[in-house]
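What follows is each chain in one-letter form.
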Amino acid sequence: MPIRTRPIYGRRMNNIVTARNSILPTDHLLDKEKILDYDKKRKKTNNLSGIGEEIMVASHYEKMLLEKSVIRQLSEFATARGKEIGYENVFDYSLGNPSVPVPEAVTETMIRLLREKDPMELHGYSPSLGITAVREAVALSLRKRFGVPYGTEDIFMTAGAAGAIAHAVRAVTEPGDEVLTFAPCFSEYFPYVNGTGAVLKLVPADTERFQIHFEAFEKMLSPRTAAVLINTPNNPSGIVYSKETIRTLAAILERKAGQYGHAIYLISDEPYREIVFAGVEAPFVAAAYSNTLTCYSFSKSLSLPGERIGYVAVNPACKDAAKIVQMCGQISRETGHNCPASLIQLTIAEHLDHTSDLTIYETNKNILYRELLELGISCVEPGGTFYLFPRALEEDAVAFCEKGRKYDLILVPGDGFGCPGFFRMAYCIDTDKVKRSLPALRRFVETEYPQG
Ligand SMILES: Cc1ncc(COP(=O)(O)O)c(C=O)c1O
């Protein structure tokens, strides 16, 4: 097996300097006028206050302050509107925050650990790869559930899926390498990946089924491709990649890796793995492709996003598997995201095969999906998650969602997910509110789009 032969573009830190000046997240998230104005001022005066001093803060991050987070803005709008008419009357489909509580048993475990564990041990620094017994429990659970022979040494504990992706990308890319992902995608993938010095490239969507547009994908693969980042079940489409999709993806990656003479890693982001609806099968990606780093999070399955806990699981058959987890430990020294809190590590180790009551999400999906179709809004039926991603009734989804606000419907345009013309509904809200939103949805459609 040849050692890596893809070109290396320089040290990570050097590239981040380049990235600061040139690589920005997707255009659609930016307030272009403000950015242009920033660049002009910066050129002229070398700082924003215009008095010609040296810049003292990092321009890359300073510039990010000018970005518009559409979801944040919408959520702020919903809160402000809630103050006027009562939040119960705002049909806020903007945020992917779980709406079912953490299982009572998880709370009890935390209380017991706090009461019974030696506080010096419980609150002491955990090992940088994670608590060994916790890694062992995660490996065992994955082995039992999916038949991939993970060992303790293949697991790296992280702060959620965000932390997992931060380590996985750094472990398998050099600065300047390309990471391909598929539209529609979680908008945070841009800062997650571009912040490492690697460059995220978006493969256009298969808008018929939201599986993978393989023709476009093959055209975008190149010797610079170090990794492919996928997310199934998917935010924002709610789609679960089929066995056939995963099989085809694996076959293409193997063929291309052989052609380029270096491995192409698959980073599989799976925070919604447990939220899969009746009759849908969610294949375990790592079982189909050896060079897989699985990024998992307990944020959604156990409704614990604030506790920041997840892991990277490196398929033991993966190239350089023995090094990757150890390297993640070294990476954590740079990211500063080291040693996730012991209390939450020990807690989830006792609940690896449990979830919150996730049934509400399927109930909500069924109600909304049916209504959308009745209103003439086309939508690929989700197989999991708590998102729907229908086609807007006009080409400009931003305008569509803006009109929706007149009816107190908070919908997110697909532009931020790399898929204009669609919109996302995060239906992780009470079923009662979903039902109460239906007349507003109908009034919106019938008033604004009377022709159907
Ligand atoms: C697809 C996807 N990946 C990663 C994350 C980050 O998850 P975490 O809260 O575990 O960091 C999210 C959060 O919403 C997500 O939707």
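Check the entry above for the structure.
A.B. asks: Just to check I follow, could you spell out the environment of threonine 196 for this structure?
C.D. replies: Position of threonine 196 relative to the elements: it lies in the loop between α9 (189-194) and β4 (199-203). Judged by the 27 C-beta atoms lying within 10 Å of it, threonine 196 falls in the buried class. Beyond its immediate sequence surroundings of up to four residues, threonine 196 is in contact with Val169, Arg170 and Thr173.

A.B. asks: What is the right way to read the pairing of strand β3 (residues 178-182) from this model?
C.D. replies: The side chains of a regular strand alternate between the sheet's two faces. Across the 5 residues of β3, 5 count as buried, placing the element largely inside the fold. Burial of β3 is two-sided: the residues Glu178, Leu180 and Phe182 facing one way and the residues Val179 and Thr181 facing the other way are all buried. Each parallel crossover has a hand, and for β3 linked through α9 to β4 it is right-handed. Examined bridge by bridge, β3 and strand β5 (residues 225-231) share 4 bridges and lie parallel to one another. Looking across to β5, one finds that leucine 180 is bridged to valine 228.

A.B. asks: I keep staring at the site of the ligand and nothing clicks. Help me out?
C.D. replies: As a structural note, the neighbourhood of the ligand is formed by 13 residues, with Gly160, Ala161, Ala162, Asn235 and Ser297 the closest of them. Ranked by the residues each element gives to the shell around the ligand, the list is headed by helix α8 (residues 160-172), at 3 residues.

A.B. asks: What am I meant to see in the sheet that holds strand β12 (residues 423-426) here?
C.D. replies: Paired through backbone hydrogen bonds, the strands of a sheet run either parallel or antiparallel to each other. The 3 strands are arranged β9-β12-β11 in an open sheet whose pairing can be described as antiparallel. Looking at the sheet topology across the chains shown, the edges are occupied by β9 (387-388) and β11 (412-413).

A.B. asks: Would you mind going over the nonpolar core with me for this structure?
C.D. replies: As a rule of thumb, soluble globular proteins bury nonpolar side chains together. In terms of nonpolar packing, the biggest core is built from 120 residues, with Ile165, Ala168, Val169, Ala227, Ile267, Val312 and Tyr427 touching the most fellow members. The element contributing the most residues to this core is α8, with 9 residues. For alanine 227, the residues in contact, after removing those within four places along its chain, are Val169, Val172, Thr173, Val179, Ile264, Tyr265 and Ile267.

A.B. asks: Help me understand the packing of helix α14 (residues 359-374) against helix α16 (residues 431-448), please; the structure alone is not making it clear to me.
C.D. replies: Two quantities define a packed helix pair, namely the angle between the helix axes and the distance between the axes. Packing of α14 against α16 brings their axes to within 10 Å, and their N-to-C directions diverge by 10°. Classed by the angle they form, the pair α14 and α16 counts as roughly parallel. Together, Ile360, Thr363, Asn364, Ile367, Leu368 and Glu371 of α14 and Thr431, Val434, Lys435, Leu438 and Leu441 of α16 make up the contact between the two elements. Grouping the constituent residues of the contact of α14 with α16 by class yields 6 nonpolar, 3 polar and 2 charged.

A.B. asks: Quick question: what am I supposed to make of the environment of glutamate 218 here?
C.D. replies: Along the chain, glutamate 218 turns up in helix α10 (residues 214-220). For glutamate 218, a count of 12 C-beta atoms within 10 Å translates into the label exposed.

A.B. asks: I keep staring at the sheet that holds strand β6 (residues 265-269) and nothing clicks. Help me out?
C.D. replies: Pairing within the open sheet is mixed, and its 7 strands lie in the order β2-β8-β7-β6-β5-β3-β4. Where the open sheet ends on each side, the last strands, each with one partner, are β2 (155-158) and β4. Across the sheet, the mean angle separating the axes of adjacent strands is 20° when strand polarity is ignored. Two strands pair when backbone bridges link them, and β5 and β6 are joined in this way by 5 bridges, in the parallel orientation. Bridging across to β6, isoleucine 230 finds its partner in serine 268. Across the face of the sheet, α8 comes into contact with β2, β3, β5, β6, β7 (292-297) and β8 (310-314) while running at roughly 160° to β7.

Rules of the game
Residues numbered from 1 in each chain as written. Predicted model: local features only at pLDDT ≥ 70, side-chain atom pairs only at ≥ 80, totals over all residues. Helix = DSSP H or I, 4+ residues; strand = E, 2+ residues; numbered from the N terminus. Buried ≥ 20, exposed ≤ 12 C-beta atoms within 10 Å, placed from the backbone. Contact = placed C-beta atoms within 7 Å. Right-handed = clockwise from strand over helix to strand, strands pointing away. Pairing = 2+ DSSP bridges. Near = placed C-beta within 6 Å. Core = buried A, V, L, I, M, F, W, Y, C linked by C-beta atoms within 7 Å. Axes fitted to C-alpha atoms, helices over the stretch in contact; angles between N-to-C directions. Parallel < 35°, antiparallel > 145°, perpendicular 65-115°, else oblique. Nonpolar A, V, L, I, M, F, W, Y, C, P; charged D, E, K, R; others polar.

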